[in-house]
2 protein chains.
Amino acid sequence: MATHDSALAHTSTPVETVTCGPIYSSTKAYRSVDIPGADATTSGADATASGPADAASERATTMQVPVRRINLTDGTSFDAYDTSGPYTGYATAAECHDLALGLPRTRNDWTHPEPVPVSGNGAETSSSSSSSSSPSARTHQVGTDQIRTQLAWARAGLVTPEMRFVAAREGVDVEVVRAEVAAGRAVIPANHRHPESEPMIIGKRFATKINANIGNSAVTSSIAEEVEKMVWAIRWGADTIMDLSTGADIHATREWILRNSPVPVGTVPIYQALEKVGGDPAKLTWELYRDTVIEQCEQGVDYMTVHAGVLLRYVPLAAKRVTGIVSRGGSIMAAWCLAHHRESFLYTHFAELCEILAGYDVTFSLGDGLRPGSIADANDEAQFAELRTLGELTRVAKAHGVQVMIEGPGHVPMDKIVENVRLEEQWCDEAPFYTLGPLATDIAPGYDHITSAIGAARIAEAGTAMLCYVTPKEHLGLPNRDDVKTGVITYKIAAHSADLAKGHPRAQERDDALSTARFEFRWRDQFALSLDPDTAREFHDETLPAEPAKTAHFCSMCGPKFCSMRISQDIRDYAAEHGLDTVEAIEAGMAEKSTEFADAGGRVYLPISTN
Amino acid sequence: MATHDSALAHTSTPVETVTCGPIYSSTKAYRSVDIPGADATTSGADATASGPADAASERATTMQVPVRRINLTDGTSFDAYDTSGPYTGYATAAECHDLALGLPRTRNDWTHPEPVPVSGNGAETSSSSSSSSSPSARTHQVGTDQIRTQLAWARAGLVTPEMRFVAAREGVDVEVVRAEVAAGRAVIPANHRHPESEPMIIGKRFATKINANIGNSAVTSSIAEEVEKMVWAIRWGADTIMDLSTGADIHATREWILRNSPVPVGTVPIYQALEKVGGDPAKLTWELYRDTVIEQCEQGVDYMTVHAGVLLRYVPLAAKRVTGIVSRGGSIMAAWCLAHHRESFLYTHFAELCEILAGYDVTFSLGDGLRPGSIADANDEAQFAELRTLGELTRVAKAHGVQVMIEGPGHVPMDKIVENVRLEEQWCDEAPFYTLGPLATDIAPGYDHITSAIGAARIAEAGTAMLCYVTPKEHLGLPNRDDVKTGVITYKIAAHSADLAKGHPRAQERDDALSTARFEFRWRDQFALSLDPDTAREFHDETLPAEPAKTAHFCSMCGPKFCSMRISQDIRDYAAEHGLDTVEAIEAGMAEKSTEFADAGGRVYLPISTN
């Protein structure tokens with residue numbers, strides 16, 4: 001596999017170690033997936049995206065798709081979707097790759113299709129009404145350039161290695177992947193400049209994904225902490241991470257993260273742009289912002305939040321709210337619009353932005369700068385006015401061959417959640433919805449991972465494709481390592497609950513495996529199959545620490561005499577042995593059976609001492 | 001107020017102290033509510049229910065309805081529904097009443113209506129099909145006795161002090177309370193023998209309630225711990241508690257809890273009955289169970305879980321499940337039915353049970369002994385067969401003038417939750433539904449407060465009246481003090497989220513108050529209005545501990561330069577001052593305004609140092 005020289009070694013705060021080692025009772029495994037046509041001649045297009053060293057490297061004929069293999073005590077195993085990268089494959093931190101060199105640039109070895117015309121074969125024409133300063137595709141030359149984005153390839157009927165990779169991960173046919181990407185209902189955020197990433201897909205047809213936000217702020221935190229947070233977040237299941245750094249060392253922090261991240265990395269470029277002008281929104285310019293975006297595209301950022309829907313005329317709508325504008329990016333742009341009394345440069349220059357992102361296959365995450373920050377402001381005029389504009393921008397982006405997802409709220413009471421999804425689908429042509437929670441109530445700071453998981457599960461069930469996690473520190477402070485884990489696990493719960501409710505084909509397999517282990521008192525397997533085996537085991541040990549308790553046919557809740565599951569197992573065995581396992585048999589009234597049952601030694605009751 | 005001698009002082013393990021003292025920035029307050037006709041002659045009926053000492057006591061003319069008054073820094077206050085009893089009114093534990101004497105028997109001083117005929121004026125006749133061993137009301141003399149239950153009084157058009165008390169707590173007209181109780185859509189669990197309780201109502205028309213389970217087990221815990229758990233649980237908002245003790249000292253533990261509990265106490269009498277026969281279900285008899293129920297009625301238990309719907313013919317249905325029978329009570333009764341090959345004595349003697357409970361106004365909580373214990377078993381034949389039987393029993397109980405609620409699952413994926421409520425309403429005549437979660441997935445032991453809060457919020461939105469909490473230790477161990485608090489707060493979140501979604505009239509007031517405080521950077525008020533002020537403050541202090549940070553116009557998330565709320569406030573002020581607060585004003589294109597804005601000193605941007 002290709003490696004590369006890195007600027008990381010020269011930064012002032014090298015990252016020493018990160019969390020490595022297998023997850024409880026699990027081993028890292030890879031399934032080999034063929035890349036058809038990979039032994040053809042080297043793709044010139046691909047070489048464009050990678051460094052000189054990579055251009056000469058051999059084309060890969062197979063891809064290694066990761067799984068976490070959970071090894072069970074009954075000799076079977078369960079393969080779980082795995083986001084954790086090689087870190088869980090190293091036995092110890094000592095085995096870890098050199099973080100200063102970064103992960104292998106695996107995707108550079110894959111053979112990609114040739115560039116295709118920007119509009120592909122299924123390009124849509126923008127049908128939105130254009131305002132005076134509309135960034136409509138019609139005012140800009142589109143369709144003449146040859147580009148290399150998953151969207152353009154999918155529309156051209158071409159299957160990429162990334163599509164095969166995600167099809168294998170999701171357990172679906174690759175044609176489903178291609179069709180969903182072509183329709184704009186799914187995105188594969190994979191910047192050509194982030195070849196270290198393991199491709200993943202975001203779309204309602206697939207498993208619901210979760211994002212974890214990390215990043216330093218003006219107040220606290222270091223590069224080393226942020227890289228460790230990334231590794232820690234993906235260990236527990238984060239499908240993407242966003243680096244929201246606003247303090248010092250933004251560029252270097254991002255470089256360390258990108259070079260070591262096996263998951264797509266998202267950013268909000270306006271944060272870095274604002275740093276460059278000393279924190280004064282009025283001093284922002286299109287040119288400075290554009291250069292910042294290019295800098296981040298070059299680094300390898302996979303998707304970018306752009307608050308291009310915060311229009312000048314929407315600002316007064318937000319002024320009347322209980323909590324005004326709560327999005328940082330949204331408030332920055334609102335301040336800029338008011339200060340200059342001009343339309344947002346993100347909106348007026350949107351077509352140029354599309355051209356830049358198309359060159360790298362960076363995915364838009366159109367930000368909801370006017371999302372509600374309180375129950376009182378949910379589903380209001382400001383929010384939905386912006387959402388309509390995001391729909392307009394979605395069509396422009398797609399016309400440029402750029403992948404798009406749409407960000408959503410925020411704070412929304414449960415009865416108003418589904419409407420958000422329906423309107424997003426209607427106005428934004430079913431672009432993948434990517435929501436922050438939403439929080440179902442405002443009254444529980446300190447527990448907003450929970451208030452938002454309630455909303456997140458609901459909105460994902462309704463069709464949201466990716467959920468941005470919320471940690472217990474939301475509204476109060478910056479998440480530490482424990483908060484990141486709590487946020488990730490909580491959102492895995494919300495996402496999985498939604499997948500069950502949507503009838504996602506393979507979702508229930510893990511529930512069934514865990515519940516069967518529970519019923520059979522395979523405690524270690526119950527821990528191993530859970531989202532957080534360490535905590536499950538720790539909680540069990542708190543009450544019943546002795547080693548025999550791991551195989552005991554009871555637990556601390558009821559004690560040995562009252563265990564319903566144990567009684568239930570005995571009932572099952574007894575019913576089967578005595579022909580009492582059907583309603584008919586029971587109703588036949590075989591009274592003599594009861595005598596047999598008593599004679600059988602009362603196996604329905606537990607012996608007082610077990611193990 | 002009446003006090004009483006107590007047997008508590010003579011038990012071997014006196015409870016020394018419990019958690020006392022006000023909640024952050026709150027004071028205990030009471031609203032005085034008149035009892036019309038309270039100066040009439042002493043009610044003989046009331047004297048029947050209370051001890052000799054109480055019979056002579058003076059009738060109260062008013063009731064004191066508790067609220068928690070949250071004092072805000074802007075000079076206003078917010079009154080919150082308060083479950084915590086006098087404990088949060090004592091400045092310190094030293095001020096606490098003598099736990100060995102218990103709380104004042106306040107309800108004994110209230111004047112109640114005279115007894116009324118059991119069927120009231122709206123009694124229903126059981127319309128269910130009766131099986132050979134049906135406990136149908138028709139086979140039993142009903143309607144000749146005079147009884148004193150909230151249901152019978154409500155049906156007779158009579159308003160009780162308890163109804164006035166809960167109307168004041170809920171902020172609704174007392175006639176709404178009476179009508180809902182009369183219709184059987186709401187219950188007021190208030191055993192005459194638990195006069196220490198502050199009445200509360202459970203029904204979908206009212207605020208969603210939560211229950212906290214406590215109780216020792218064969219493995220661990222003591223009386224002192226359990227009393228403290230009760231006080232701790234109600235401090236954070238538990239509306240009722242269930243004592244599920246299965247170990248030693250069941251009777252004494254319950255006595256300590258009841259005499260000191262201002263909230264209704266529920267039990268599962270079969271647990272104590274099973275203790276009396278050494279843990280062998282086959283040795284249970286109707287007579288022994290009946291005596292246990294009477295013992296608990298006499299003590300003052302307010303509602304009892306009775307698994308009378310686990311019929312012999314349903315047992316095989318459960319035997320085929322992934323997780324069989326997971327209800328302790330359900331598995332005990334299934335074992336009894338199989339061992340004797342006879343119909344459950346709870347079912348065949350149900351009418352007698354009704355007569356006993358009617359004598360004390362103890363409320364039935366008809367248990368779902370066949371609830372699903374895994375996603376795979378949700379909404380299956382066993383579960384719904386039992387639910388139909390619970391509907392039959394509901395009609396029998398109501399015909400006896402006994403209040404009824406129905407227990408529900410369990411483990412249910414989100415898409416199957418609403419069906420549970422609709423069938424319960426249809427089959428059980430809208431008796432209040434009381435559910436355990438449900439857990440929306442099986443795969444997160446250690447986080448089942450969260451997996452179940454997702455389901456609980458959903459099922460409450462659909463009409464469930466009370467939610468039984470689940471703690472992080474579910475499936476793994478016994479909850480400690482921290483787990484109890486986490487479970488209670490998590491369920492307050494689920495219940496409140498549902499109340500918001502149902503449009504409960506006063507629910508959003510607290511969200512609005514907190515969000516306004518948040519927007520105005522009144523940090524202390526944000527803490528005070530939150531469900532757990534201590535944790536919110538602690539999390540805030542973790543990142544920004546300095547005292548000035550409590551009034552700072554920014555927080556640690558974005559730091560002083562990027563605070564969206566601060567920018568948003570500046571925008572609001574600026575827009576209002578400059579006539580830019582309407583869409584029309586903006587669209588008029590007043591370009592000169594932008595110059596003014598810049599001249600105004602860039603107030604939209606934050607000063608680098610604040611406070």
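Rules used throughout
Residues numbered from 1 in each chain as written. Chains lettered and ligands numbered in written order. Predicted model: local features only at pLDDT ≥ 70, side-chain atom pairs only at ≥ 80, totals over all residues. Heavy atoms only, no water. Helix = DSSP H or I, 4+ residues; strand = E, 2+ residues; numbered from the N terminus. Buried < 20%, exposed > 50% of the residue type's maximum accessible area, 1.4 Å probe, protein only. Contact = heavy atoms within 4.5 Å. Areas by Shrake-Rupley, 256 points an atom, 1.4 Å probe, with all protein chains shown as cover. Buried area = accessible area lost by both parts, 1.4 Å probe. Polar contact = N/O pair within 3.5 Å; in protein donor to acceptor, adjacent residues only side chain to side chain. Nonpolar A, V, L, I, M, F, W, Y, C, P; charged D, E, K, R; others polar. Salt bridge = Lys/Arg side-chain N within 4 Å of Asp/Glu carboxyl O. 1 Å grid on protein atoms, 1.4 Å probe; cavity = no way out; pocket = protein on both sides within 12 Å on 5 of 7 lines; lining within 4 Å. Points joined across faces, edges and corners; volume = space filled by probe spheres on them. Pairing = 2+ DSSP bridges. Right-handed = clockwise from strand over helix to strand, strands pointing away. Phe/Tyr/Trp six-rings, centres within 6.5 Å; stacked < 30°, edge-to-face > 60°. Axes fitted to C-alpha atoms, helices over the stretch in contact; angles between N-to-C directions. Patch = residues over 30% accessible without salt bridge, like charges linked within 9 Å, V, L, I, M, F, W, Y side chains within 5 Å. Lys, Arg positive; Asp, Glu negative; His and termini not counted. Charge placed at Lys NZ, Arg CZ, Asp CG, Glu CD. Least-squares fit on C-alpha atoms with pLDDT ≥ 70 in both. Parallel < 35°, antiparallel > 145°, perpendicular 65-115°, else oblique. Left-handed = near helix turned anticlockwise from the far one by under 90°.

**Observations regarding the overall build of chain A**
Part 1 of the reasoning: For chain A, the helix and strand inventory stands at 23 helices and 15 strands.
Part 2 of the reasoning: In chain A, buried positions account for 69% of the 611 residues.
Part 3 of the reasoning: Excluding contacts between residues fewer than 6 apart, the proportion of contacts in chain A whose partners are at least 24 apart in sequence is 78%.
Part 4 of the reasoning: With an accessible surface of roughly 18,600 Å², chain A has 50% of that area assigned to carbon and sulfur atoms.

**Topic: the interface of chain A and chain B**
Part 1 of the reasoning: Counting residues at the interface gives 125 residues for chain A and 125 residues for chain B.
Part 2 of the reasoning: Taking both sides of the interface into account, the surface hidden between chain A and chain B amounts to around 10,500 Å²; carbon and sulfur atoms contribute 68%.
Part 3 of the reasoning: Counting across the chain A and chain B interface gives 16 residue pairs in polar contact (both at pLDDT 80 or more).
Part 4 of the reasoning: Among the residues making up the side of chain A that touches chain B, the classes are represented as 64 nonpolar, 37 polar and 24 charged.

**Things to note about the pattern of salt bridges**
Part 1 of the reasoning: One pass over the structure, following the stated rule, counts 62 salt bridges over all chains.
Part 2 of the reasoning: The residue Glu196 of chain B makes a salt bridge to Arg105 of chain B at a minimum N-O spacing of 3.7 Å. In this pair, Glu196 of chain B sits in the loop between strand E6 (186-187) and strand E7 (202-203) while Arg105 of chain B sits in the loop between strand E3 (77-81) and strand E4 (116-117), placing the two residues 91 residues apart along the sequence. Both residues of the pair, Glu196 of chain B and Arg105 of chain B, count as buried.
Part 3 of the reasoning: Each member of the salt-bridge network shares a partner with another, and the members are Asp74, Glu520, Arg522 and Asp525 of chain A.

**Here we look at the layout of surface pockets**
Part 1 of the reasoning: Space inside the largest pocket adds up to approximately 800 Å³.
Part 2 of the reasoning: Together, 31 residues line the largest pocket, and His449 and Thr486 of chain A together with His449, Thr486 and Phe539 of chain B are the ones closest to its centre.
Part 3 of the reasoning: Looking at the lining of the largest pocket, the elements with two or more residues in it are helix H16 (448-461), helix H17 (481-501) and helix H20 (533-543) of chain A together with helix H16 (448-461), helix H17 (481-501) and helix H20 (533-543) of chain B.
Part 4 of the reasoning: Residue classes in the lining of the largest pocket are distributed as nine nonpolar, 10 polar and 12 charged.
Part 5 of the reasoning: There is about 690 Å³ of room inside the second largest pocket.
Part 6 of the reasoning: Every residue lining the second largest pocket is counted, 35 residues in all, and those nearest its centre are Ala80, Tyr81, Lys492, His496 and Arg510 of chain A.
Part 7 of the reasoning: Mapped by element, the contributors of at least two residues to the lining of the second largest pocket are strand E2 (62-71), strand E3 (77-81), helix H4 (161-170), H17 and helix H18 (507-519) of chain A.
Part 8 of the reasoning: For the lining of the second largest pocket, the per-class residue count stands at 15 nonpolar, six polar and 14 charged.

**Let's talk about the pairing of strand E12 (residues 363-366) of chain B**
Residue and element names in this part refer to chain B.
Part 1 of the reasoning: Here E12 shows a buried face lined by Thr363 and Ser365 and a second buried face lined by Phe364 and Leu366.
Part 2 of the reasoning: Direction of pairing for E12 relative to strand E13 (residues 404-408): parallel, over a ladder of three bridges. Following the sheet pairing, Leu366 is matched in E13 by Ile406.
Part 3 of the reasoning: Remark: the E12/helix H14 (residues 381-399)/E13 crossover connection has right-handed handedness.

**With respect to the packing of aromatic side chains**
Residues and elements named next belong to chain A.
Part 1 of the reasoning: Overall, the coordinates contain 22 aromatic pairs over all chains when judged by the stated rule.
Part 2 of the reasoning: With centroids separated by 5.8 Å and ring planes inclined at 55 degrees, the aromatic side chains of Tyr289 and Phe345 adopt a geometry described as tilted. In this pair, Tyr289 is assigned in helix H9 (residues 286-299) and Phe345 in helix H12 (residues 345-348), connecting sequence segments 56 residues apart.
Part 3 of the reasoning: Tyr289 sits in the buried class, given a relative accessible area of 1%.

**Some words on the sheet that holds E3 of chain A**
Pairing between the strands of a sheet comes from backbone hydrogen bonds, and it takes one of two forms, parallel or antiparallel.
Residue and element names in this part refer to chain A.
Part 1 of the reasoning: Pairing is antiparallel across the open sheet formed by three strands, whose spatial order is E1-E2-E3. Each having just a single partner strand, strand E1 (26-34) and E3 make up the two edges of the open sheet. Within this sheet the neighbouring strands show an average axis-to-axis angle of 40 degrees, counted without direction.
Part 2 of the reasoning: Taken together, the five bridges between E2 and E3 define a ladder with antiparallel strand orientation. Across the sheet, Ile70 pairs through a bridge with Phe78, a residue of E3.
Part 3 of the reasoning: Relative to E2, H4 is tilted by about 20 degrees, and along the sheet it contacts E1, E2 and E3.

**Here we look at the sheet that holds E3 of chain B**
All names here are of chain B.
Part 1 of the reasoning: Strand order in the open sheet formed by three strands is E1-E2-E3, and the pairing between neighbours is antiparallel. A strand with exactly one partner marks an edge of an open sheet, and here the two such strands are strand E1 (26-34) and E3. For this sheet the average axis-to-axis angle between neighbouring strands, irrespective of direction, equals 40 degrees.
Part 2 of the reasoning: Relative to strand E2 (residues 62-71), helix H4 (residues 161-170) is tilted by about 20 degrees, and along the sheet it contacts E1, E2 and E3.
Part 3 of the reasoning: Packing against the sheet, helix H18 (residues 507-519) makes contact with E2 and E3, and its axis sits at approximately 140 degrees to E3.

**As for unusual backbone geometry**
Part 1 of the reasoning: Cis rather than trans, the peptide bond between Gly437 of chain A and Pro438 of chain A has omega equal to 10 degrees.
Part 2 of the reasoning: Within the fold, Pro438 of chain A resides in the loop between strand E14 (433-436) and H16.
Part 3 of the reasoning: A positive phi angle is found at Phe521 of chain A, which is not glycine, with a value near 60 degrees.
Part 4 of the reasoning: Positionally, Phe521 of chain A belongs in the loop between H18 and helix H19 (523-529).
Part 5 of the reasoning: Judged by its relative accessible area of 6%, Phe521 of chain A is buried.
Part 6 of the reasoning: Of note, the phi angle at Glu430 of chain B is positive, near 60 degrees, even though the residue is not glycine.

**With respect to a negative patch on the surface**
All names here are of chain A.
Part 1 of the reasoning: Together, Asp145, Glu287, Glu352 and Glu355 make up a region of like negative charge exposed at the surface.
Part 2 of the reasoning: Looking at where Glu287 falls in the secondary structure, it is placed in helix H9.
Part 3 of the reasoning: Taking relative accessible area as the criterion, Glu287 reaches 42% and is therefore assigned partly exposed.

**A look at the relation of the copies chain A and chain B**
Part 1 of the reasoning: Mapping chain A onto chain B calls for a rotation angle of 180 degrees and an axial translation of 0.0 Å; the resulting RMSD is 0.0 Å. Accordingly, the operation relating the two chain copies is best matched by a two-fold axis. Among all residues of chain A, the minimum C-alpha distance to the rotation axis is found for Ile454 of chain A, at 2.4 Å.

**Focus: the environment of Leu258 of chain B**
Residues and elements named next belong to chain B.
Part 1 of the reasoning: Tracing the sequence through the fold places Leu258 in helix H7 (residues 250-260).
Part 2 of the reasoning: For Leu258, a relative accessible area of 0% corresponds to the buried category.
Part 3 of the reasoning: In this structure, the C-alpha to C-alpha distance between Leu258 and Val301, residues 43 residues apart in sequence, is 7.3 Å.
Part 4 of the reasoning: The contact partners of Leu258, leaving out residues within four places of it in the chain, are His194, Glu196, Val265, Gln299, Gly300, Val301 and Asp302.

**Examining the packing of helix H8 (residues 269-276) of chain A against helix H11 (residues 328-340) of chain A**
Residues and elements named next belong to chain A.
Part 1 of the reasoning: Relative orientation of the contacting elements H8 and H11 amounts to 50 degrees, with a least axis distance of 9 Å. As far as their axial angle goes, H11 and H8 are oblique. By crossing handedness, the relation of H8 to H11 is classed as left-handed. Of H11, the residues touching H8 (which contributes Ile270, Tyr271 and Leu274) are Arg328, Gly329, Ile332 and Met333.

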